Amino acid sequence: MSKSKLEYIWLDGYTPTANLRGKTKIIEDFSGKLEDCPLWAFDGSSTRQAEGGDSDCLLKPVAIFKDPDRINGYLVMNEVLNADKTPHVSNGRATIDDDDADFWFGFEQEYFLWDTETNLPLGFPRDQTPQGQFYCSVGAKNSFGRKIIEEHLDQCLEAGINIEGINGEVAAGQWEFQTFAKGAARAGDETWIARYLLERIGEKYSVAVNWHPKPLGDTDWNGSGMHANFSNSILRECGDRAIYEKICEGFRPVVNEHIAVYGADNDQRLTGDHETQSIHEFSYGISDRGASIRIPVMTVESGWKGWLEDRRPASNGDPYKIASRIIKTVKGIKT
């Protein structure tokens, strides 16, 4: 008789930015299949998701991955439900209108590895070296925390996450990983589990992960985003520039609705500098990294068959809520 360790992972009710939570369930002779992960409960009063007098919230398993750091271990992503099994108000995944997985999403997750002793990015240049030399760099003077990000890449691959790449970013101690999935909910699942693995690896090295979009405050250093690359069957097949431009224009009237779910403190990052458009403006353009929405050159070269990149989401945004809002906007545009 074997016993498996299932780490049930969920998002708490903290606002404006949710935190990852997790607890372990032991199951005998577990099949490894999602359908055999039972519904579970937790104390919602400890996660700002319920009152103490009626504190039970439910965990509904929605995705399962191999746990690369545990023997007979699994990582189980969950939606949070109320005691009556309706979606909890904090449950962004339940708002995604993509039952047929027509929408594909790729998230470019930027973040800082944070030195908890100096309260600065790992390897932050004390001589105030300007940013520029750190992007996609190599060498002890340029790259900080490579052991961590390489271990993270290996663990994501072992877990079965469709991680598509990693790179050093513009600022010292800043890195990025990219995930992709066919289906918005699955894309969110994989991004959250990848975040969880990175946080857990950081524990081993006493290095924190800073998801804030502008952790260095009012400086000339880049902030961190989570660019959302998305497509549906129309964008993948239309072959028509006019349709692409109509879809881009469809985002203009709902700028505020998007910004509202694109991550807290994003105004500190979306200044119009450092490859961003101002939070007060909206624009789109081919290969324009200073636009709100970039039309990738590969989409154009493929005969206007491809995807769009919304560059506004912040690094601390919830990929479920971001995808849900993008889908709602695109579905409301008559093409």
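The notes below deal with the structure included here.

For the rest of this paragraph, the subject is the pairing of strand 1 (residues 3-11). Burial analysis of strand 1 places seven of its nine residues in the buried class, the great majority of the element. As paired strands, strand 1 and strand 2 (residues 20-28) are joined by nine bridges and run antiparallel to one another. If you follow K3 over to strand 2, its bridge partner there is E28. Bridging between strand 1 and strand 5 (residues 73-81) involves five bridges; their strand directions are parallel. Counted as the bridge partner of E7 is L75 from strand 5.

Inspection of every chain in the model, using the stated rule, returns 16 salt bridges. A salt bridge links E28 to K3; the shortest N-O distance between them is 4.0 Å. Of the two residues, E28 sits in strand 2 while K3 sits in strand 1, which places them 25 residues apart along the sequence. We classify E28 as partly exposed; its relative accessible area is 43%. Given a relative accessible area of 48%, K3 falls into the partly exposed group. For E151, the salt bridge is made with K204, and the minimal N-O distance between the two is 2.4 Å. Of this pair, E151 sits in helix 1 (residues 146-159) while K204 sits in helix 2 (residues 184-205), and the two are 53 residues apart along the sequence.

Take the nonpolar core next. Among the nonpolar cores identified, the biggest contains 72 residues, and M77, F105, Y111, I161, L308 and I326 are the most heavily contacted of them. By residue number, the principal contributor to this core is helix 2, which donates ten residues. One finds W40, L59, V76 and V80 within the second-largest nonpolar core, a separate group that totals 13 residues.

Here the focus is the environment of D67. With respect to the helices and strands, the residue D67 is situated in the loop between strand 4 (56-66) and strand 5. A C-alpha to C-alpha distance of 8.3 Å links D67 and E7, two positions 60 residues apart in sequence. Non-local contacts of D67, meaning those with residues more than four positions away in its chain, are made with G73, Y74, L75 and R200.

What helix 4 (residues 241-249) keeps buried is the set I243, Y244, I247 and C248. Angular distribution of buried residues about the axis of helix 4 spans 140°; they occupy a single face of the element. Buried residues belonging to helix 4 abut helix 3 (233-237), strand 12 (284-286), strand 13 (293-295), helix 6 (297-301), strand 14 (308-310) and helix 7 (319-331). Its side-chain oxygen placed 2.8 Å from the backbone nitrogen of A242, D240 serves as the N-cap of helix 4.

How each quantity is defined
Residues numbered from 1 in each chain as written. Predicted model: local features only at pLDDT ≥ 70, side-chain atom pairs only at ≥ 80, totals over all residues. Heavy atoms only, no water. Buried < 20%, exposed > 50% of the residue type's maximum accessible area, 1.4 Å probe, protein only. Helix = DSSP H or I, 4+ residues; strand = E, 2+ residues; numbered from the N terminus. Pairing = 2+ DSSP bridges. Salt bridge = Lys/Arg side-chain N within 4 Å of Asp/Glu carboxyl O. Core = buried A, V, L, I, M, F, W, Y, C linked by side-chain atoms within 4.5 Å. Contact = heavy atoms within 4.5 Å. Arc of directions from axis to C-beta. Polar contact = N/O pair within 3.5 Å; in protein donor to acceptor, adjacent residues only side chain to side chain.

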